[in-house]
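Here's the letter readout for the chains.
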Amino acid sequence: MPLSFHEKSLWLVLASLCVVFGVYFARVVPATGATIGPAQIGSFIGLLVVLVLVQIIGHALLALGSLRELRQGGVQRDERDVLIELKSSRLASWLLACGVFCALCVAVLVPGNAAFVHVLLAFWVQSQVLALASQLYLHRWGM
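Just so it is clear, the structure is predicted and the values come from calculations on it, not from any experiment.

Novice: Got a sec to walk through the overall build of the protein? Specific residues and values, please.
Specialist: A count of helical and extended segments in the protein gives five helices and zero strands. Secondary structure elements in the protein, listed N-terminal to C-terminal, are α-α-α-α-α. When the backbone C-alpha atoms are referred to their principal axes, the protein occupies close to 55 × 30 × 20 Å. Every one of the 143 residues in the protein was classed for burial, and the buried ones make up 30%. Pairs at least 24 apart in sequence give 81% of the contacts found in the protein among residues at least 6 apart. Per element, the accessible surface of the protein, about 8800 Å² overall, is 72% carbon and sulfur. Distance from the positive charge centre (9 side chains) to the negative charge centre (6 side chains) of the protein: 7 Å.

Okay, structure coming up:
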């Protein structure tokens with residue numbers, strides 16, 4: 001069964017999040033001291049710009065590749081799509097809530113702001129990845 005435009009879009013966002021933030025955590029976290037400085041903020045902003053550009057270009061290419069589907073009726077959303085998004089958001093919100101608690105514990109126990117910020121950012125990225133992955137799973141096999 002071929003992928004719909006919506007599923008291709010979810011795959012694009014999932015892959016780009018994993019790659020860009022994987023690069024960020026591999027490059028920045030080992031070099032970070034106790035506090036976040038201008039170099040880490042510059043790296044973060046640069047990678048966010050790369051993430052946005054990858055997603056813009058990727059969605060433009062996906063739209064060009066899916067012209068027939070988009071012309072026939074556009075991207076249709078029904079109750080099933082809404083329910084899938086709600087279920088994946090509920091699942092991801094639990095992970096994010098746990099991450100906020102962990103980040104607050106880190107803020108109390110570890111001096112400086114770098115550990116707190118990176119734990120919070122890591123859990124946010126993981127919750128987004130979980131939401132996207134669960135949407136893909138539910139679209140294909142779950143509902």
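Don't stop here, the text continues.
Novice: How would you explain the nonpolar core if you had to name every residue and give the values?
Specialist: Core analysis: the largest hydrophobic core is formed by 14 residues, its most contacted members being L17, F21, Y24, L51, L121 and L132. When contributions to this core are tallied by element, the ones reaching two or more residues are α1 (5–27), α2 (38–65) and α5 (114–142). Not counting the four nearest positions on each side in its chain, Y24 is found in contact with V29, Q40, F44, L47, H118 and L121.

Novice: Could you give me a rundown of a nonpolar patch on the surface, with the residues and numbers involved?
Specialist: Residues I41, I45, V49, V52, L53, I56, I57, L61, L64 and L67 make up a contiguous nonpolar surface patch of about 940 Å² in total accessible area. Considering each element in turn, the nonpolar patch owes the most residues, nine residues, to α2. Within the secondary structure, V52 sits in helix α2.

Novice: Which residues make up α1, and what are the values?
Specialist: Over its 23 residues, α1 runs 33 Å from end to end, which matches the ideal 33 Å to within 8%, given 1.5 Å per residue. Turning to α1, its buried residues are F5, E7, S9, L10, L12, V13, L14, S16, L17, V20, F21 and Y24.

Novice: Quick one: what's the story with the side chain of S127, residue by residue and with numbers?
Specialist: If you trace the backbone, S127 turns up in helix α5. Beyond its immediate sequence surroundings of up to four residues, S127 is in contact with A92, L95 and L96.

Novice: Help me get a handle on the packing of aromatic side chains, residues and values and all.
Specialist: Scanning the model with the defined rule gives six aromatic pairs in all. Taking the centre distance of 5.3 Å and the plane angle of 75° together, the rings of Y24 and F25 count as edge-to-face. We classify Y24 as buried; its relative accessible area is 4%. On the numbers, 5.9 Å between centres and 40° between planes, the contact of Y137 with W141 is tilted. Here Y137 pairs with W141, and both are found in helix α5, just four residues apart, close to one helical turn. Residue Y137 is classed as partly exposed on the basis of its relative accessible area of 49%. Using a relative accessible area of 65% as the deciding quantity, one classes W141 as exposed.

Parameters and conventions
- Residues numbered from 1 in each chain as written.
- Predicted model: local features only at pLDDT ≥ 70, side-chain atom pairs only at ≥ 80, totals over all residues.
- Heavy atoms only, no water.
- Helix = DSSP H or I, 4+ residues; strand = E, 2+ residues; numbered from the N terminus.
- Buried < 20%, exposed > 50% of the residue type's maximum accessible area, 1.4 Å probe, protein only.
- Contact = heavy atoms within 4.5 Å.
- Areas by Shrake-Rupley, 256 points an atom, 1.4 Å probe, with all protein chains shown as cover.
- Lys, Arg positive; Asp, Glu negative; His and termini not counted.
- Charge placed at Lys NZ, Arg CZ, Asp CG, Glu CD.
- Core = buried A, V, L, I, M, F, W, Y, C linked by side-chain atoms within 4.5 Å.
- Patch = residues over 30% accessible without salt bridge, like charges linked within 9 Å, V, L, I, M, F, W, Y side chains within 5 Å.
- Salt bridge = Lys/Arg side-chain N within 4 Å of Asp/Glu carboxyl O.
- Expected span 1.5 Å × (residues − 1).
- Phe/Tyr/Trp six-rings, centres within 6.5 Å; stacked < 30°, edge-to-face > 60°.

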